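Observations on the model geometry
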Amino acid sequence: MLETKNDEKNACPNCIQLTKFSLFYNYYLYFDIDCCSFSLLNRHQVHPKFTDQCTKPDEKYTMLIVRIPRRDVAGFEAAMEELPGKMYLCGHSDYESFCKRMEAELDSFEAEHTRKESRIMLLMRKVLPARFWGVAPTAE
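Worth saying up front: this structure is predicted, and the values here are computed from it rather than measured.

Here we take up helix H2 (residues 73–89). For an α-helix, the turn length of 3.6 residues means that residues three or four places apart are oriented alike. With 17 residues, H2 should reach 24 Å at 1.5 Å per residue; the first-to-last C-alpha distance of 25 Å fits that figure. In H2, a bend of some 35 degrees at Leu-83 exceeds every other bend along the element, and Pro-84, a proline, comes one to four places later. Of all the positions in H2, only Val-73, Gly-75, Phe-76, Ala-79, Met-80, Leu-83, Pro-84 and Met-87 are classed as buried. At the exit of H2 stands Gly-91, carrying a positive phi of roughly 95 degrees.

The structure is reproduced here in structure tokens:
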């Protein structure tokens, strides 16, 4: 579900591409505070559609989920590479450590909640008789 856009030159995992099927758009998750990224996105001529945002009560950064047209992906990723530097200049020196901590939390959450079996197999366990599988069917 999550695919990190992280290579050697960009040590801050502030931009995570979400795996959602779309022919015309890419979906990304990134962290921001006080709309610092908006000027960078405007400079790179990227106009995202903000689909969702979330803020933890004890954190100062906001998690934003955006929809980017495929033609603007290069500009968006360039803006995200510049974002940690701008955050540092604006006085948010803990931005990179926050992004790394949140990436670790998201990875652990995803690992906990991925199903070991495919959805078809789970459906078959509900539909087919219990004696066929050797276990009692579960009710969800």
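All of the buried residues along helix H1 (residues 36–43) are Cys-36, Ser-37, Leu-40 and Leu-41. All buried residues of H1 lie within an arc of 115 degrees about the axis, which places them on one face of the element. Opposite the packed face of H1, turned more than 90 degrees from it, sit the exposed residues Asn-42 and Arg-43. Among the structural elements, strand E3 (25–32) and H2 are those in contact with the buried residues of H1. Looking one or two residues beyond H1, the residue adopting positive phi is Gln-45, at roughly 55 degrees.

The interhelical angle for the contact between H1 and H2, taken along N-to-C directions, is 140 degrees, at an axis separation of 9 Å. In terms of axis orientation, H1 runs oblique to H2. Classified by chirality, the crossing of H2 by H1 is right-handed. Here Cys-36, Ser-37, Ser-39, Leu-40, Leu-41 and Arg-43 of H1 come into contact with H2, specifically with Phe-76, Ala-79, Met-80, Glu-82, Leu-83, Lys-86 and Met-87. Of the residues contributing to the contact of H1 with H2, the split by class is 8 nonpolar, 2 polar and 3 charged.

Taken together, Phe-21, Leu-23 and Phe-24 make up a surface patch of nonpolar side chains, about 440 Å² in accessible area. Among the secondary structure elements, Leu-23 is positioned in the loop between strand E2 (15–18) and E3.

Moving on to the packing of aromatic side chains. Tallied over the full model, the rule gives 6 aromatic pairs. On the basis of an interplanar angle of 85 degrees and a centroid distance of 5.4 Å, the ring pair of Phe-31 and Phe-98 is categorised as edge-to-face. Placement of the pair is Phe-31 in strand E3 and Phe-98 in helix H3 (residues 95–113), with a sequence separation of 67 residues. Of the two residues, Phe-31 and Phe-98, both sit in the buried class. Above the face of the Tyr-25 ring, Arg-67 is positioned so that its terminal group lies 4.0 Å from the ring centre.

Analysis parameters
Position numbers for residues start from 1 in each chain and track the written sequence from start to end. Note on the predicted model: pLDDT of at least 70 is required for a residue's local features to be given, and 80 or more for side-chain atom pairs to be given and counted; whole-chain, interface and lining totals, by contrast, use all residues. Here the side-chain values reflect all heavy atoms present in the structure, with hydrogen atoms and water set aside. In this text, helices come from DSSP runs of H or I with a minimum length of four residues, and strands from runs of E with a minimum of two, each type numbered from the N-terminal end. Helices are assigned an expected span. That span is 1.5 Å times one less than the residue count. Take the seven residues that end at a residue and the seven that start at it, fit an axis to each, and the angle between those axes is the bend at that residue. Burial classes follow relative accessibility: with a 1.4 Å probe on protein chains only, a residue under 20% of its type's maximum area counts as buried, one over 50% as exposed, and anything between as partly exposed. Arc, as used here, means the arc of the directions from the helix axis to the C-beta atoms. Note on contacts: a residue pair qualifies if any of its non-hydrogen atoms lie within 4.5 Å across the two residues. For helices, the fitted line uses only the C-alpha atoms of the stretch in contact; every axis is such a line through C-alpha atoms, and the angle between N-to-C directions lies from 0 to 180 degrees. Put simply, angles under 35 degrees are roughly parallel, angles over 145 are roughly antiparallel, angles from 65 to 115 are roughly perpendicular, and the rest are oblique. Crossing chirality is assigned from the near helix's rotation relative to the far helix, an anticlockwise turn below a right angle marking it left-handed and a clockwise turn marking it right-handed. Following the grouping adopted for this structure description, the nonpolar residues are Ala, Val, Leu, Ile, Met, Phe, Trp, Tyr, Cys and Pro, the charged ones are Asp, Glu, Lys and Arg, and the polar ones are all others, Gly among them. Note that patches include only residues with greater than 30% relative accessible area and no salt bridge, and the join distances are 9 Å for like charges and 5 Å for nonpolar side chains (Val, Leu, Ile, Met, Phe, Trp, Tyr). With residues, only the protein chains shown are counted as cover, and all accessible areas are computed by Shrake-Rupley using a 1.4 Å probe. The working definition used for a salt bridge is a side-chain nitrogen of Lys or Arg within 4 Å of a carboxyl oxygen of Asp or Glu. Stacked, edge-to-face and tilted are the three classes for Phe, Tyr and Trp ring pairs, Trp counted by its six-membered ring, which pair at centre distances within 6.5 Å; planes under 30 degrees apart are stacked, over 60 edge-to-face, the rest tilted. Note on criteria: charge over ring means Lys NZ or Arg CZ within 6 Å of the ring centre, with the direction from the centre no more than 35 degrees off the ring normal.

As far as function goes, none of this settles anything; it's purely spatial.
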